[in-house]
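Below are the chains, spelled out letter by letter.
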Amino acid sequence: MAPDRTSHTLPGLTAPAEIVVDRWGVPHIYAASTYDAFRAQGFNAARDRLWQIDFWRRRGLGRLAEVFGPEHAERDRAARLFLYRGDMHREWLAYGSDTKRATTAFVEGVNAFVELTRRNPELLPAEFRELGYEPARWAPEDVARIRSHGLFYNVREEVARARTLRDLPADAEELRRRREPWRPVEVPDGLDLHAIPDDVLRVYDLATTAPVFAPPAPDDPQGDVLPEGSNNWVLAGSRTRSGRPLLANDPHRAAAALPGLRYIAHLNAPGFNVIGGGEPALPGISIGHNGRIAFGLTIFAIDQEDLYVYDTDPADPASYRYNGRWEPMRRSTETIAVRDGDPVEAELLFTRHGPVVYQDPDKHTAFAVRAAWLEAGMAPYLGSMDYMRAGDWDEFSAAMNRWGAPPENQVYADPSGRIAWQTGGLTPIRPNWDGTLPVPGDGRYEWAGFYDTDQLPGTLDPDAGFLATANEMNLPADYPPDRHITYDWYAPYRKHRIDEVLAQTTDATPHSMVDLQNDFLSIPARRIVTKLRELSAAIDGLDLLTDWDAVLAPDSAAAALFEIWYRRHLRPELLAQALEPLVGDQADATATRISPAEDLLADARIDIELVENSEAFAEIVAKTLPAAVTEVEGLLGADRGAWAWGRLHVARAQHPLKALLGNLPAEQLVTEPLPRGGSGDTVGNTAYGPNFVQSAGATFRIVVDVGEWDSSLAMNAPGQSGRLDDPHLTDLFAPWTRGEAFPLLYSRERIDAEAETVIELNPPA
């Protein structure tokens, strides 16, 4: 069948361009120049995701209240605190020579579609029509100034650690969070832990988490601060069936978003031919290939933040002690427009370190966040503008020296057979502390610049024939101990499983790598079940677990029992027993407090240590496993043959404004729940909250067949489109839950054969 054809005029184009949308909703953009391609990319991003990118901009710039009302004014103030406020000339040059030009072209494309909706209101997405507002026009600097959509480390851990040490014996911190490489916690000289209020990061959290428009429903995904990780790996030709390298990447973010977080696009112009995933509001792509190299990223958890604690002047709370004198805070007053209300005057205060997030005039204290991601060149993912156009490893690694945020493990492959791993991100030099706790802001604890990329770890062409990362602590054994990267890493179990599979692989294919991306074997479950097999007692439920292969399959009864037992019964009991010598009869309450706050973090390191070293494990199992069986019976019924993990653990995607869009069909705003396997511990990361609904994981996945580019595979759930009446809104949701992938086509011949729509773009007459 011939594709549908439409045409539009796009101001700024130097020659006609074309967008070919394939049957999976992927746009393939063909333009006469690189900047025409970026202009068409912006136009297409608005065509497919206009409400989403307008909302992204409003949230980032602190302009929600002007369309959603006064309850968002406080969040707007917080967002404005964390905008980039430095010199824009320096900002643009930090990314690369033409990032401003490319971004300007992208924004011009967005604005062209915005203008088109004003002339043709039928093109306006339903959200705008229902809520009675219009999309805004963009400025290029909007893209660079907004920082609050990135991935941030580690001020939340600093505060959690400080609160634990403030209120509990020091050994309780060892049961709360594993530090790697291990080192004793040292409270910085001059820091009064009792001066840190519990809600010191409330403003920071408002700036860096998504707004909420209604109280959560019982079946909504749960967790305010989601775990954010990823998997990536690359195999040399010696481990693949074809003899070509393979590169795989599946970044983990919010799994409940509709539209999805990422967007797949293909940009083609003379000398420029890149395809892959990015964020729809940004030019270019950050994960994919350009026909010469392939690249993919995961989080490398550089500690890019510090909380500074100040003594303030009793006579002037807006002055703080620094180097023995009172230094005034910098003040900015901004007006927040409010829908159906009076404008709000917002006072923003800044110290030399960063935005002031908390003040207590009665105690004469103030707190500010210093964040590397507020430096020039740190707009999340915008640094990909250079490396996505690199032609070889030397050009790619040079571009990585300008990468700032978020901090990343990049894996690389090219058709010559080279594979590589390179870390990147702006890394503060802390000469006299390690970043694990807040510090006084009196001048004694200052960053001494930043490390160069060649001081961060990386590897070329390893003898093993593969490289993998999964947010684990991956510093080399001989890495300088005084070079503080972070001590707050994710658990290593996804990486252990990837290594286990790849070490045995000699005939990898793109499809087998998709299978690994959806692997549900739980290393923590396997280790705990191994300990269970040492028991001889007759305990209800024990046989079901000891006969199990530790695969959290959606149809597995044992998986349902294990997950409920481990997270709801075993873990609290292990922690309570370990805490009892420290806190006595407060052990149960303390265990609840120091467990991962959102029950999503999937960090089994401490639990496994307690299991494998417990002298009372049999008694703990006898106490907790029958209780878990009873709970599963209450949830899934008495017939154990009908138990299945996927009956409890489901995925559903929903629109963030669902509560405000009641006049629209429900099927446009939320998907039906579908069964899922896995957990936050598995390579196929399906982290979940207390109601078992998946809250985080990989909605975008890619496997690149390096050199045979048309054989690459991808997935992007729930679908490519953000238009509520578009079949591509959710057409990929069910295939995603089944672990499937579609061809990521690259050659014009293959793309034309699968074309669904052709959009012709012409310069003004």
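The structure this text deals with has already been given above.
Residues numbered from 1 in each chain as written. Predicted model: local features only at pLDDT ≥ 70, side-chain atom pairs only at ≥ 80, totals over all residues. Heavy atoms only, no water.

**Student:** What am I meant to see in the overall build of the chain here?
**Tutor:** For the chain, the helix and strand inventory stands at 23 helices and 29 strands. Taking 2.2 N^0.38 as the reference for a compact globule, 765 residues should give roughly 27 Å; the C-alpha atoms of the chain span a radius of gyration of 26 Å, in line with that estimate. On the principal axes, the C-alpha backbone points of the chain span a range of 80 × 70 × 55 Å. The buried share among the 765 residues of the chain stands at 63%. The contacts of the chain with a sequence gap of at least 6 include a subset with a gap of at least 24, amounting to 74%. Averaging the locations of the 75 positively and 114 negatively charged side chains of the chain gives two centres separated by 3 Å. (Helix = DSSP H or I, 4+ residues; strand = E, 2+ residues; numbered from the N terminus. Rg over C-alpha atoms; globule rule 2.2 N^0.38 Å. Buried < 20%, exposed > 50% of the residue type's maximum accessible area, 1.4 Å probe, protein only. Contact = heavy atoms within 4.5 Å. Lys, Arg positive; Asp, Glu negative; His and termini not counted. Charge placed at Lys NZ, Arg CZ, Asp CG, Glu CD.)

**Student:** Is there a simple way to think about the pairing of strand β12 (residues 316-322) in this case?
**Tutor:** Two faces make up the sheet, and in a regular strand the side chains alternate between them. Where strand β11 (residues 305-313) meets β12, 2 bridges bridge the pair, whose relative direction is antiparallel. The residue bridging Thr312 from the neighbouring strand is Tyr320, located in β12. If you look at the hairpin formed by β11 and β12, you'll find 2 residues sitting between the two strands. Judged from the 4 bridges that link them, β12 and strand β13 (residues 325-328) form a sheet pairing that is antiparallel. Residue pairing in the sheet places Arg321 in a bridge with Trp326 of β13. Connecting the antiparallel pair β12 and β13 is a turn made up of 2 residues, with Asn323 showing a positive phi of about 50°. (Pairing = 2+ DSSP bridges.)

**Student:** It is not clear to me how the environment of Asp54 should be interpreted in this structure. Could you clarify?
**Tutor:** Relative to the helices and strands, Asp54 resides in helix α1 (residues 34-61). C-alpha separation for the pair Asp54 and Arg137, spaced 83 residues apart in sequence, amounts to 8.8 Å. Excluding residues within four positions of it along the chain, Asp54 makes contact with Phe128, Tyr133, Pro135, Ala136 and Trp138.

**Student:** Sorry, what's going on with helix α8 (residues 155-167) here?
**Tutor:** Residues three or four positions apart in an α-helix share a direction because the helix packs 3.6 residues into each turn. Taking 1.5 Å of rise per residue, 13 residues should cover 18 Å, and α8 covers 18 Å from first to last C-alpha, within 8% of that figure. Those residues of α8 that sit buried are Val155, Glu157, Glu158, Val159, Arg161, Ala162, Thr164, Leu165 and Arg166. Each element contacted by the buried residues of α8 is listed here: α9 (170-176), α10 (202-208), β11, β17 (365-371) and α18 (587-594). (Expected span 1.5 Å × (residues − 1).)

**Student:** Just checking my understanding: could you explain the pattern of salt bridges for this structure?
**Tutor:** Close approach of charged atoms allows side chains with opposite charge to pair. One pass over the full model with this rule turns up 65 salt bridges. Between Asp499 and Lys495 there is a salt bridge, and its shortest N-O distance comes to 2.7 Å. Taken together, the positions of Asp499 and Lys495, both in helix α13 (residues 493-502) and 4 residues apart, correspond to about one turn of that helix. Owing to a relative accessible area of 22%, Asp499 belongs among the partly exposed residues under this scheme. Assessed through its relative accessible area of 14%, Lys495 is described here as buried. Between Arg738 and Glu740 there is a salt bridge, with the nearest N and O atoms lying 2.7 Å from each other. With relative accessibility at 53%, the residue Arg738 sits in the exposed group. Its relative accessible area of 34% is what places Glu740 among the partly exposed residues. (Salt bridge = Lys/Arg side-chain N within 4 Å of Asp/Glu carboxyl O.)

**Student:** What should I look at first to understand the side chain of Arg430 in this one?
**Tutor:** Residue placement: Arg430 occurs in the loop between β19 (419-424) and β20 (439-440). You can call Arg430 buried: its relative accessible area is 2%. At 3.3 Å, the side chain of Arg430 and the backbone oxygen of Glu305 are in polar contact. Those residues in contact with Arg430 that lie beyond four places of it in its chain are Asp303, Gln304, Glu305, Asp306, Gly435, Trp447 and His484. (Polar contact = N/O pair within 3.5 Å; in protein donor to acceptor, adjacent residues only side chain to side chain.)

**Student:** Even after reading the chapter, I still don't get the sheet that holds strand β22 (residues 466-469), so can you show me in this structure?
**Tutor:** The pairing of strands in a sheet comes from backbone hydrogen bonds and takes either a parallel or an antiparallel form. One open sheet holds the 6 strands; their spatial order is β22-β4-β5-β26-β27-β28, and the pairing between them is antiparallel. Since the sheet does not close on itself, it has two edges, and those belong to β22 and β28 (742-743), each with one partner. Contacts between α13 and the sheet are confined to β4 (230-235) and β22, with β22 contributing the most and set at about 160° to the helix. In the packing of helix α14 (residues 510-517) onto the sheet, the strands contacted are β4, β5 (246-251), β26 (700-705) and β27 (713-716), and the crossing angle to β26 comes to about 150°. (Axes fitted to C-alpha atoms, helices over the stretch in contact; angles between N-to-C directions.)

**Student:** How should I be thinking about the packing of helix α17 (residues 557-583) against helix α20 (residues 617-636) in this particular structure?
**Tutor:** Two quantities define a packed helix pair, namely the angle between the axes and the distance from one axis to the other. Taken N-terminus to C-terminus, the directions of α17 and α20 make an angle of 140°; their axes are 8 Å apart at the nearest point. Considering the angle they form, α17 stands oblique to α20. Crossing hand, α17 versus α20: right-handed. Its residues placed into classes, the contact of α17 with α20 shows 16 nonpolar, 3 polar and 4 charged. (Parallel < 35°, antiparallel > 145°, perpendicular 65-115°, else oblique. Left-handed = near helix turned anticlockwise from the far one by under 90°. Nonpolar A, V, L, I, M, F, W, Y, C, P; charged D, E, K, R; others polar.)

**Student:** What exactly am I supposed to notice about the sheet that holds strand β21 (residues 458-460) here?
**Tutor:** Overall, mixed pairing links the 11 strands, which are arranged β1-β29-β2-β3-β7-β8-β9-β10-β18-β19-β21 in an open sheet. The outermost strands of the open sheet, each flanked by one partner alone, are β1 (4-9) and β21. Taking each pair of neighbouring strands and ignoring which way they run, the sheet shows an average axis angle of 20°. By the bridge criterion, 2 bridges tie strand β9 (residues 287-289) to strand β10 (residues 294-299) in an arrangement that is antiparallel. Considered in β10, the bridge of Gly288 is made with Phe295.

**Student:** Would you mind going over the packing of aromatic side chains with me for this structure?
**Tutor:** What characterises a pair of aromatic rings is the spacing of the ring centres plus the angle enclosed by the ring planes. Counted by the stated rule, this structure contains 35 aromatic pairs. Measuring from centroid to centroid gives 5.2 Å for Phe295 and Tyr387, while their planes differ by 75°, and the two rings are edge-to-face. Placement of the pair is Phe295 in strand β10 and Tyr387 in helix α11 (residues 384-387), with a sequence separation of 92 residues. Here the two residues Phe295 and Tyr387 agree in accessibility, since each one is buried. Arranged with centres 5.5 Å apart and planes meeting at 40°, the rings of Trp548 and Phe562 form a pair that is tilted. (Phe/Tyr/Trp six-rings, centres within 6.5 Å; stacked < 30°, edge-to-face > 60°.)

**Student:** I tried to follow the environment of Arg47 on my own but got confused; where do I start?
**Tutor:** Residue placement: Arg47 occurs in helix α1. Given the relative accessible area of 13%, Arg47 is considered buried. As for Arg47 and Glu157, which are separated by 110 residues in sequence, their C-alpha atoms are 40 Å apart. Aside from chain neighbours lying at most four places away, what touches Arg47 is Val21, Phe113, Tyr263, Arg723 and Ile759. A distance of 2.8 Å separates a polar atom in the side chain of Arg47 from a polar atom in the side chain of Asn44.

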